[in-house]
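Observations on chain architecture
These are the residues of each chain, in order.
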Amino acid sequence: MALDINQLRDLLAAIAETDITELTLKSDDFELTVRKGVSITPTSDSGGASTTYQAPTGSVAVPIGSTPTTSTPVLEVAPTPEPTPPVPPPGVDQKWEEIKSPMVGTFYRSPAPDEDPFVEVGERISAGQTVCIIEAMKLMNEIEAEVTGQVMEILVTNGEPIEYGQALMRIKPD
């Protein structure tokens, strides 16, 4: 995704007229973050890979080489960071395994609306046991546990749309 200076000016002007306080655009080549109301002076890290500019009040872009002195939209250009492993929320045992969705679809806890759920919180499960169904493009896909243990949390409600890689359940392995 390439942005020329005119597209960048238009984008910043549009953001300035809204209640949006932060916007991030990412691609394989760059990451652009725009924040309103933050006062930062131009900086560059030791590797020269990240540069931050602040636009003067009343304008939407900072010419290269200028020294901003007031606050409004901030433009940060940085390389895409290396992915970091997700940190579990407070109160979640780090030894718990997550069952994640292998696809986008709709989550179902039972094989049919009038039947019992595949698993309940506190129940013991074994590897290979069906724990839920994900409907994707009118196909019902059974999701099996990859670990034997106890169901500690079910993170999705029945009938809820889910995304690829979304955590569905947390299991305390044996």
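Residues numbered from 1 in each chain as written. Predicted model: local features only at pLDDT ≥ 70, side-chain atom pairs only at ≥ 80, totals over all residues. Heavy atoms only, no water.

Bridging between strand β7 (residues 105-108) and strand β12 (residues 161-162) involves 2 bridges; their strand directions are antiparallel. Its bridge partner being in β12, Thr-106 is matched across the sheet by Pro-161. In the sheet, β7 pairs with strand β9 (residues 130-136) via 3 bridges, with the strands oriented antiparallel. Each bridged residue has a counterpart across the sheet, and for Phe-107 the counterpart in β9 is Ile-134. (Pairing = 2+ DSSP bridges. Helix = DSSP H or I, 4+ residues; strand = E, 2+ residues; numbered from the N terminus.)

Turning to the confidence of the model for the chain, a few remarks are in order. Of the residues in the chain, 65% reach a pLDDT of 70 or more, and the chain-wide mean stands at 76. Of the regions scoring below 50 in pLDDT, residues 39-46 engages in 18 contacts with residues more than four places distant in sequence or in other chains. Every residue in residues 48-72 scores below 50 in pLDDT, and together they form 63 contacts with partners more than four places removed in sequence or on other chains. (pLDDT = per-residue confidence, 0-100. Contact = heavy atoms within 4.5 Å.)

Moving on, we get to the side chain of Thr-130. Among the secondary structure elements, Thr-130 is positioned in strand β9. For Thr-130, the side chain forms a polar contact with the side chain of Glu-142, separated by 3.3 Å. Those residues in contact with Thr-130, other than ones at most four positions away along the chain, are Phe-118, Val-119, Glu-142, Ile-143 and Glu-144. (Polar contact = N/O pair within 3.5 Å; in protein donor to acceptor, adjacent residues only side chain to side chain.)

All right, on to the pattern of salt bridges then. Oppositely charged side chains are able to pair whenever their charged atoms sit close together. Evaluated as defined, the whole model comprises 5 salt bridges. Here Glu-98 makes a salt bridge to Lys-100, at a shortest N to O gap of 3.8 Å. Arg-109 is the partner of Glu-120 in a salt bridge, and the nearest nitrogen-oxygen pair spans 3.0 Å. Pair noted here: Glu-120 is in the loop between β7 and β8 (124-125) and Arg-109 is in the loop between β7 and β8, with a separation of 11 residues, a long-range link. (Salt bridge = Lys/Arg side-chain N within 4 Å of Asp/Glu carboxyl O.)

Another aspect to go through is unusual backbone geometry. The phi dihedral of Met-137 is positive, around 55 degrees, even though this residue is not glycine. For Met-137, the location among the structural elements is in the loop between β9 and β10 (139-144). With phi around 65 degrees, Lys-138 is a residue other than glycine that occupies positive phi space. Structurally, the position occupied by Lys-138 is in the loop between β9 and β10.

Within the secondary structure layout, Thr-33 lies in strand β2 (residues 31-38). Among the polar contacts made by the side chain of Thr-33, one reaches the side chain of Thr-24 at a distance of 3.4 Å.

As summarised here, the arrangement of the 4 strands in space is β6-β13-β11-β8, forming an open sheet in which the pairing is antiparallel. Two strands bound the open sheet, and with one partner strand each, they are β6 (97-100) and β8.

What follows concerns the sheet that holds β10. Pairing in this open sheet of 4 strands is antiparallel, and the strands run β10-β9-β7-β12 from one edge to the other. Edge positions in the sheet fall to β10 and β12, since each has one partner strand and no second.

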